[in-house]
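Structure at a glance
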Amino acid sequence: MQGSNNMASVAIVIVNWNSYSFTCKCLKSIKTLEYPSYKVIVVDNGSDDGSGEKLKLEFSNVIFLQNDENQGFTGGNNTGIQYALDHSYDYVMLLNNDTIITPNFLSPLVKRMEGEDWAAIQPKIMYNYDRGIIWNAGGVFRASISKPITRGEGVVDNGQFNNITTTEWITGCCFLIKSDQVRSIGLLDERFFIYYEDLDWSLKLRRKGLKLGFEPKSVIYHEAGRSDINRDKYGEGNVSPFSHYQNVRNHLFIVRRYASGFNAIGSWCYQAFKLLGYITYFLLRGRFKKVQYTVRGAFHGLIQ
């Protein structure tokens, strides 16, 4: 699909699950977007609080798709991604529903992608609670232990990352990718459900010898974890047992898929120490549900 004024067309995919307030704020911010050739696709992921219907009534210029059940970050986004591919958009963007965009954030991303030989790109992402603090300025992947590291997380932005133009992995919080590359590597792997699916996509692209970009001139703001499902359900801290399960299991998926040779030795040793540390800490804190979910995540990560 060729956009207006011969500009590349972008499908912005946003997943909503029982979070009207965040999605509403995100969509309102997108109304200020200055880039002329885009369409927002909201996928309601089986919400049971009426938020999907309410958003559909309020935002008439948005394409709404409905999943019958919560299919996670991966399944929810795949519904929107497939729609974008079927309708021949040039680019697909994954955008978290708990983000606030700036009016000119998309133009630098598309401009850089059109001018560079990159497969995907991300903006600089700041915390919304304090817009001077970085949440994500790209990432580094330590292959020796299969560990993704977020660049700049929690530090004050003094322009120290403004000369960096590449990244080793892109966060799913805001992931702009060429549609042709999605067709090449496939949709998000729905086994991940939530967490590490963005790293998996990034590593698939890099395995093909493709480059990933970081554009510091493009800025958005993130609530950071406010959409965490099952948060505090068990009263065992700010991160839910379900989230620990997903993190443990999915990190093992990454090790199994990408670690080889000496990197595999380092990665499996790191996983053993990490899991032992988690279990010891949770036992000492009396967080027995998290112990259970950690062990279950490790088991499923090894056999699924």
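Owing to the predicted nature of the structure, the values given are computational and were not obtained by experimental measurement.

The next point concerns the pairing of strand β3 (residues 63-67). Counting buried positions over the five residues of β3 gives four, a clear majority of the element. Pairing of strand β2 (residues 38-45) with β3, which is carried by five bridges, proceeds in the parallel orientation. Looking across to β3, one finds that Ile41 is bridged to Ile63. The handedness of the β2 to β3 crossover, carried by helix α2 (residues 51-58), is right-handed.

When the pLDDT values of the chain are averaged, the result is 94; 94% of them are 70 or greater. Predicted confidence for residues 227-232 stays below pLDDT 50, and this span has 20 contacts to residues more than four positions away or in other chains.

Here we take up the nonpolar core. In this structure, Val10, Ile14, Met93, Leu95, Phe105, Leu106 and Leu176 are the most contacted members of the largest nonpolar core, which totals 35 residues. For this core, the secondary-structure elements that each account for two or more residues are β1 (10-16), α1 (20-30), β2, β4 (91-95), α4 (106-115), β6 (118-127) and β10 (174-178). Core analysis: the next-biggest nonpolar cluster, separate from the first, contains 30 residues, Val15, Leu65, Ile170 and Leu188 among them.

With that settled, consider the environment of Ser184. With respect to the helices and strands, Ser184 occurs in helix α5 (residues 179-185). In this structure the side chain of Ser184 is engaged in a polar contact, spanning 2.9 Å, whose partner is the side chain of Lys208.

Right, let's get into the packing of helix α8 (residues 261-284) against helix α9 (residues 288-303). Two elements in contact, α8 and α9, have axes whose closest approach is 8 Å; the angle formed by their N-to-C orientations is 160 degrees. Our classification of the angle between α8 and α9 gives roughly antiparallel. α8 and α9 meet at a crossing whose hand is left-handed. Of the residues in α9, those in contact with Trp268, Leu275, Tyr278, Ile279, Phe282 and Leu283 of α8 are Phe288, Lys290, Val291, Thr294, Val295, Ala298 and Leu302. In the contact of α8 with α9, the residues fall into 11 nonpolar, one polar and one charged.

The next point concerns the pattern of salt bridges. Counting across every chain of the model gives seven salt bridges. In this structure, Arg191 engages Asp189 in a salt bridge whose closest nitrogen and oxygen atoms are separated by 3.7 Å. The exposure class assigned to Asp189 is buried, which follows from its relative accessible area of 15%. Through salt bridges that share partners, Asp189, Arg191, Asp200, Lys204 and Arg257 make up one connected network.

Cut-off values and rules
- Residues numbered from 1 in each chain as written.
- Predicted model: local features only at pLDDT ≥ 70, side-chain atom pairs only at ≥ 80, totals over all residues.
- Heavy atoms only, no water.
- Buried < 20%, exposed > 50% of the residue type's maximum accessible area, 1.4 Å probe, protein only.
- Helix = DSSP H or I, 4+ residues; strand = E, 2+ residues; numbered from the N terminus.
- Pairing = 2+ DSSP bridges.
- Right-handed = clockwise from strand over helix to strand, strands pointing away.
- pLDDT = per-residue confidence, 0-100.
- Contact = heavy atoms within 4.5 Å.
- Core = buried A, V, L, I, M, F, W, Y, C linked by side-chain atoms within 4.5 Å.
- Polar contact = N/O pair within 3.5 Å; in protein donor to acceptor, adjacent residues only side chain to side chain.
- Axes fitted to C-alpha atoms, helices over the stretch in contact; angles between N-to-C directions.
- Parallel < 35°, antiparallel > 145°, perpendicular 65-115°, else oblique.
- Left-handed = near helix turned anticlockwise from the far one by under 90°.
- Nonpolar A, V, L, I, M, F, W, Y, C, P; charged D, E, K, R; others polar.
- Salt bridge = Lys/Arg side-chain N within 4 Å of Asp/Glu carboxyl O.

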